[in-house]
Amino acid sequence: MKSIQVGLLGAGTVGSGTFKVLQRNQEEIKRRAGRGIEITMVADLDTARAREVAGEGVKVVADAREVIANPDIDIVIELIGGYGIAKQLVLEAIAAGKHVVTANKALLAVHGTEIFAAAHAKGVMVAFEAAVAGGIPIIKALREGLTANSIQWLAGIINGTTNFILSEMRDKGLDFATVLKEAQRLGYAEADPTFDIEGVDAAHKVTLMSAIAFGIPVQFDKAHVEGITKLAAQDIKYAEQLGYRIKLLGVTKRTAQGIELRVHPSLVPSKRLLANVEGAMNAVVVHGDAVGTTLYYGKGAGSEPTASAVIADLVDITRLHTADAAHRVPHLAFHPDAMSDLKVLPMAEVVTSYYLRLRVADQAGVLAKVTGLLATAGISIDAVLQREADEVGGEGSTQTDLIILTHDAREGTVNDVMAELQALPTVLEPIVRIRKEELK
Ligand SMILES: NC(=O)C1=CN([C@@H]2O[C@H](COP(=O)(O)OP(=O)(O)OC[C@H]3O[C@@H](n4cnc5c(N)ncnc54)[C@H](O)[C@@H]3O)[C@@H](O)[C@H]2O)C=CC1
Ligand SMILES: N[C@@H](CC=O)C(=O)O
């Protein structure tokens, strides 16, 4: 049978990995897909580099629309990134009747509803395994492997750059900027690395997983997003003393009130596998009612790990190319006319536990006042750590760090009590709050 013809838009980090892996394993991939898969045309603004990547016999152009207009192309791979030109090209490829493979989580998390609807109407597939957790087949696991389950929650380290930064800072004592540069050199970071360090990239990914897990539309605008830029070294140290590690987690959870959808630094008990996921590695824990807790671990970024997921999608599409469109695996796991109307909860309604660090005057009664306000608000305390006082300023004036771990509490209640605590004259600096996930 004739090979399936693929057009590649963007021959950068992931695009070049896709070429290499497809070439290296072409015979095995052909045996798995049932026919050959061949990239016959590439578009990249940097045509010289694209030519180097593509090698002999592949047509290289600067204008991506030439690829889309080519009637011989069955599948278009979009590896340009971003919401701008990539969105137009994906919609144009769909309109031209091409199946699409993309690693672009930003595009799908923000415009997924429109893109999947267009693909559904046209009877083509949009596959995006590489968009979440790089090489880990988490989309397939959620959409197909766990399809018997009512998913209860999932939580993951889904940004390699920030996990790499946190690991290197802790283990090697390197500063933030140095490690970020290294992550960029290694090809982990987004074109705009603020997407990584401010938690936006992780929020794109957890938004997609949430839609698949709970059958809701992709709703990035409802996600709570916090990155790692405000994390202080002493909180990482105190967390360790209390038996926790700080990780940037993407969390989504089914509750009686609705769906939690959030990204923020979290204390994770050191004994959990997730706490020991280091460097650019990713891991996602998924809890289903039938299967219980499952864990998926692997490289979440980088050229060939991400290419592995892109090619898995190419093989899937090749296999399904001739199947009846109505009976294919749906883009978001649920059939478009059977989506859930579960609402995504505002952050104030989320219930979790907390690490609070207060810089306080070392005076009698301060601890009692702080714990009293927490008790009045109905927030129960799990552990308290009080550091030895530091002498600051003259005349024996001393301050100390007071660290409190709480049991589960409603975020809105915690916000209110934090405001009261912050107003105390003995609380000397802005209170640090990091959420804590037991992942049980
Ligand atoms: N690098 C990684 O580890 C991962 C990246 N991704 C996603 O994969 C996508 C690609 O990422 P990278 O390969 O890292 O990016 P990259 O920046 O290395 O490559 C993008 C390529 O697109 C080309 N390009 C830009 N505008 C173009 C246009 N209008 N027409 C044709 N070509 C154009 C650029 O010249 C460049 O070669 C992004 O959506 C990214 O978020 C997903 C998972 C992991
Ligand atoms: N910038 C991303 C790349 C993969 O999605 C990351 O660091 O995880």
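Here, every reference points to the structure presented above.
A brief structural summary. Since we're looking at a predicted model, the values are computed, not measured.

1. So, the site of ligand 2
Phase 1: Close to ligand 2 lie Lys-105, Asn-159, Gly-160, Thr-161, Tyr-188, Ala-189, Glu-190, Asp-196, Asp-201, Lys-205, Gly-300 and Ala-301, which account for all nearby residues.
Phase 2: Take Lys-105: an N or O atom from its side chain is 2.6 Å from an oxygen atom of ligand 2.
Phase 3: Lys-205 places a polar side-chain atom, nitrogen or oxygen, 2.8 Å from an oxygen atom of ligand 2.
Phase 4: Bound to the protein, ligand 2 loses 93% of the 250 Å² it would expose on its own.

2. Side note on a nonpolar patch on the surface
Phase 1: There is a patch of nonpolar side chains on the surface, built from Leu-273, Leu-295 and Tyr-297 and spanning about 330 Å² of accessible area.
Phase 2: Its place among the elements puts Leu-273 in the loop between β10 (259–269) and β11 (281–288).

3. Quick word on the packing of helix α8 (residues 160–172) against helix α9 (residues 176–185)
When two helices pack together, their arrangement is given by the angle between the helix axes and the distance between those axes.
Phase 1: Here α8 crosses α9 at 135 degrees, and the two axes come no closer than 9 Å. In terms of their interaxial angle, α8 and α9 are classed as oblique. Relative to α9, the crossing made by α8 is right-handed. Across the interface between the two elements, Thr-161, Phe-164, Ile-165, Glu-168 and Met-169 of α8 pack against Phe-176, Val-179, Leu-180, Glu-182 and Ala-183 of α9.

4. Topic: the sheet that holds strand β4 (residues 75–78)
Phase 1: One open sheet holds the 6 strands; their spatial order is β3-β2-β1-β4-β5-β6, and the pairing between them is parallel. Each end of this open sheet is capped by a strand with a single partner; those strands are β3 (59–61) and β6 (126–127).
Phase 2: Pairing of strand β1 (residues 4–9) with strand β2 (residues 37–43) involves 6 bridges; the strand directions are parallel. Following the sheet pairing, Leu-8 is matched in β2 by Val-42.

Rules used in this analysis
- Residues numbered from 1 in each chain as written.
- Chains lettered and ligands numbered in written order.
- Predicted model: local features only at pLDDT ≥ 70, side-chain atom pairs only at ≥ 80, totals over all residues.
- Heavy atoms only, no water.
- Near = heavy atom within 4 Å.
- Polar contact = N/O pair within 3.5 Å; in protein donor to acceptor, adjacent residues only side chain to side chain.
- Areas by Shrake-Rupley, 256 points an atom, 1.4 Å probe, with all protein chains shown as cover.
- Patch = residues over 30% accessible without salt bridge, like charges linked within 9 Å, V, L, I, M, F, W, Y side chains within 5 Å.
- Salt bridge = Lys/Arg side-chain N within 4 Å of Asp/Glu carboxyl O.
- Helix = DSSP H or I, 4+ residues; strand = E, 2+ residues; numbered from the N terminus.
- Axes fitted to C-alpha atoms, helices over the stretch in contact; angles between N-to-C directions.
- Parallel < 35°, antiparallel > 145°, perpendicular 65-115°, else oblique.
- Left-handed = near helix turned anticlockwise from the far one by under 90°.
- Contact = heavy atoms within 4.5 Å.
- Pairing = 2+ DSSP bridges.

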